[in-house]
Amino acid sequence: VKPTAVKERYEQFQQACTDIGRDPKTIELTVGTAVHLQPAKNDSSERTISGSAEEIAQQLQTFANIGVTHLIVALDPLTPATIEQFSHIVELVHQQ
């Protein structure tokens with residue numbers, strides 16, 4: 001899932017919490033997303049994150065900005081090399 005979809009759904013969730021008198025900040029938001037580190041040329045999925053390391057880091061940071069406290073990432077492809085690539089992306093996120 002991409003950050004824009006989470007933001008829209010989370011705003012609806014927050015309103016529902018407010019409507020019943022529950023503080024939405026008392027609920028941790030966990031999101032799962034797929035990250036394509038080597039996307040196909042025709043990959044235009046709205047459910048996956050892809051791009052340069054900097055673009056991916058920016059999109060991942062957006063989740064935190066929305067209020068996501070736990071992020072589950074499925075790497076595609078999942079190899080030792082992509083895990084190493086992703087560690088660089090995580091460093092970029094921490095620098096933001």
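Residues numbered from 1 in each chain as written. Predicted model: local features only at pLDDT ≥ 70, side-chain atom pairs only at ≥ 80, totals over all residues. Heavy atoms only, no water.

(A) Representation of the sheet that holds strand 2 (residues 48-50) in the model. An order of 2-1-3 is seen for the three strands of this open sheet, with the pairing classed as parallel. If you trace the sheet from one side to the other, it starts and ends with strand 2 and strand 3 (68-76), each paired once. Between one strand and the next, the sheet's axes are offset by a mean angle of 40°, whatever the strand orientation. (Pairing = 2+ DSSP bridges. Helix = DSSP H or I, 4+ residues; strand = E, 2+ residues; numbered from the N terminus. Axes fitted to C-alpha atoms, helices over the stretch in contact; angles between N-to-C directions.)

(B) Structural detail: the environment of Ala 34. Looking at the element boundaries, Ala 34 is found in strand 1 (residues 29-36). Ala 34 gets classed as buried once you look at its relative accessible area, which sits at 19%. Between the C-alpha atoms of Ala 34 and Asp 76, which are 42 residues apart in sequence, the distance is 7.1 Å. (Buried < 20%, exposed > 50% of the residue type's maximum accessible area, 1.4 Å probe, protein only.)

(C) Here's a closer look at the confidence of the model for the protein chain. Averaged over all residues, the pLDDT of the protein chain equals 90, while 92% of them reach at least 70. The least confident element of the protein chain is strand 2, whose mean pLDDT is 90; the most confident is helix 3 (residues 80-95), at 95. (pLDDT = per-residue confidence, 0-100.)

(D) Up close: helix 2 (residues 53-66). An ideal rise of 1.5 Å per residue puts 20 Å on 14 residues; helix 2 measures up with 20 Å between its terminal C-alpha atoms. Ile 56, Ala 57, Leu 60, Gln 61, Phe 63 and Ile 66 are the residues of helix 2 that are buried. Looking one or two residues past helix 2, Gly 67 carries a phi angle of roughly 130°, positive in sign. (Expected span 1.5 Å × (residues − 1).)

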